[in-house]
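This is what each chain is made of:
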Amino acid sequence: MKCKKIKWTVITVLFVLFMYSQSMLPATVSSGESTYALGVVGNFFSSIGLKFIALTEHIIRKSAHFIEYTIFGVLLINTIRIHGFIGLTKWLLVMVLGI
């Protein structure tokens, strides 16, 4: 059980570090990554027969943030659950640590 606690804690901390590293990228680098992702998503939609949907870099960025914070939420809840917090304590920890 202790191994699971350590594993989930380390994974969560590493993901938080990844999130912070992404937020500290210069605007030009971040824009380049978003443009690349826009091309990949656009090509995917074209390959399944959907014509170019009105995708913009803004939509790609917001979707990336949504996915990033969803993954963080799942990791955080699993980490808190593995550590044995239950009930109100668990949800208070999720709200405080998730902010």
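Refer to the preceding data block for the structure.
So, how was this worked out
Residues numbered from 1 in each chain as written. Predicted model: local features only at pLDDT ≥ 70, side-chain atom pairs only at ≥ 80, totals over all residues. Heavy atoms only, no water. Patch = residues over 30% accessible without salt bridge, like charges linked within 9 Å, V, L, I, M, F, W, Y side chains within 5 Å. Areas by Shrake-Rupley, 256 points an atom, 1.4 Å probe, with all protein chains shown as cover. Salt bridge = Lys/Arg side-chain N within 4 Å of Asp/Glu carboxyl O. Helix = DSSP H or I, 4+ residues; strand = E, 2+ residues; numbered from the N terminus. Buried < 20%, exposed > 50% of the residue type's maximum accessible area, 1.4 Å probe, protein only. Phe/Tyr/Trp six-rings, centres within 6.5 Å; stacked < 30°, edge-to-face > 60°.

## Comments concerning a nonpolar patch on the surface
Taken together, Ile 6, Val 10, Val 13, Leu 14 and Leu 17 make up a surface patch of nonpolar side chains, about 450 Å² in accessible area. Tracing the backbone through its elements, the reader meets Val 13 in helix α1 (residues 2-23). A relative accessible area of 44% means that Val 13 is categorised as partly exposed.

## Observations regarding the packing of aromatic side chains
Within this structure, the stated rule accounts for 2 aromatic pairs. Here Phe 15 and Phe 18 contribute two aromatic rings whose centre-to-centre distance is 5.8 Å and whose plane-to-plane angle is 40°, an arrangement assigned as tilted. A residue pair is termed a helical-turn pair when its members lie 3 or 4 positions apart in one helix, as Phe 15 and Phe 18 do in helix α1 at 3 residues. On the numbers, 5.8 Å between centres and 50° between planes, the contact of Phe 44 with Phe 45 is tilted. For Phe 44, a relative accessible area of 47% corresponds to the partly exposed category.

## Describing the pattern of salt bridges
Going through the model one piece at a time under the given rule, you end up with 1 salt bridge. For Glu 57, the salt bridge identified is with Arg 61, shortest N-O distance 3.3 Å. Note that Glu 57 and Arg 61 are positioned in helix α3 (residues 57-82) at a spacing of 4 residues, about one turn of the helix. Classification of Glu 57 as partly exposed rests on a relative accessible area of 25%.

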